[in-house]
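Spelled out from the first residue to the last, the chains are:
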Amino acid sequence: MNYYFTSSGERVSKSVIDRRVREAKHQKINQMIDKYGFIFCEDCKRNDCKPVDCSHDISVKECQENRRTELAWDVNNITMRGRACHRKWDNSGIMNTRID
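The sections below set out a description of the structure shown in this document. Here the structure is a predicted model, which means the values were calculated and not measured.

1. Observations regarding the overall build of the protein
Here is step 1 of the chain: Check the secondary structure of the protein and you find 3 helices and 4 strands.
Here is step 2 of the chain: Reading the secondary structure of the protein in the N-to-C direction produces β-β-α-β-α-β-α.
Here is step 3 of the chain: In terms of overall size, the protein behaves like a compact globule, its C-alpha atoms giving a radius of gyration of 14 Å where 100 residues would be expected to give roughly 13 Å.
Here is step 4 of the chain: For the protein, the spread of C-alpha atoms along the three principal axes comes to 40 × 30 × 25 Å.
Here is step 5 of the chain: Put simply, the protein has 100 residues, and 34% of those count as buried.

2. Here we look at the pairing of strand E4 (residues 78-82)
Here is step 1 of the chain: Taken across its 5 residues, E4 has 5 buried, putting it largely inside the fold.
Here is step 2 of the chain: Side-chain alternation along E4 places Ile 78, Met 80 and Gly 82 on one buried face and Thr 79 and Arg 81 on a second face that is also buried.
Here is step 3 of the chain: As judged from the 5 bridges shared by strand E3 (residues 52-56) and E4, these two strands associate in the antiparallel manner. Note that in E4 the partner of Ser 55 across the bridge is Thr 79.

3. Examining helix H1 (residues 14-36)
Here is step 1 of the chain: For H1, spanning 23 residues, the distance from its first C-alpha to its last is 33 Å, which sits close to the expected 33 Å at 1.5 Å a residue.
Here is step 2 of the chain: Of all the residues in H1, the buried ones are Ile 17, Val 21, Ala 24, Lys 28 and Met 32.
Here is step 3 of the chain: Of the surrounding elements, those touching the buried residues of H1 are strand E1 (3-5), strand E2 (11-13), E3, helix H2 (60-65) and E4.
Here is step 4 of the chain: Phi turns positive one or two residues past the end of H1, at Gly 37, with a value near 90°.

4. Looking at the packing of aromatic side chains
Here is step 1 of the chain: A full pass over the atoms with the stated rule returns 2 aromatic pairs.
Here is step 2 of the chain: A ring pair is formed by Tyr 36 and Phe 40, whose centres lie 5.0 Å apart and whose planes are at 75°; its orientation type is edge-to-face.
Here is step 3 of the chain: When the centroid spacing of 5.5 Å and the interplanar angle of 50° are considered together, the rings of Phe 38 and Phe 40 count as tilted.
Here is step 4 of the chain: Aromatic rings pair up to connect Tyr 36, Phe 38 and Phe 40 into one cluster.

Scoring rules and cut-offs
Residues numbered from 1 in each chain as written. Predicted model: local features only at pLDDT ≥ 70, side-chain atom pairs only at ≥ 80, totals over all residues. Heavy atoms only, no water. Helix = DSSP H or I, 4+ residues; strand = E, 2+ residues; numbered from the N terminus. Rg over C-alpha atoms; globule rule 2.2 N^0.38 Å. Buried < 20%, exposed > 50% of the residue type's maximum accessible area, 1.4 Å probe, protein only. Pairing = 2+ DSSP bridges. Expected span 1.5 Å × (residues − 1). Contact = heavy atoms within 4.5 Å. Phe/Tyr/Trp six-rings, centres within 6.5 Å; stacked < 30°, edge-to-face > 60°.

Structure follows, in structure tokens:
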């Protein structure tokens, strides 16, 4: 089984990471619905930029590789992005610069 480490040294299995990421995505969606009543792309602020994905600002892969795995399930590391904006983000080279 694959294990990864948090910044505090906690060892976390990949299955636990995946479960926590799913929970964080659900939490992000619920926060947006509670606040605005609907889901939209946070980059272009449009609701016709669909489908809308839960996009990691710092990728799960990078969080795991850099022993900061806890960022993978941090809701502040997830941004709602329409698919087109998500692709632009992934290809922009500016990833990994934002954490609130």
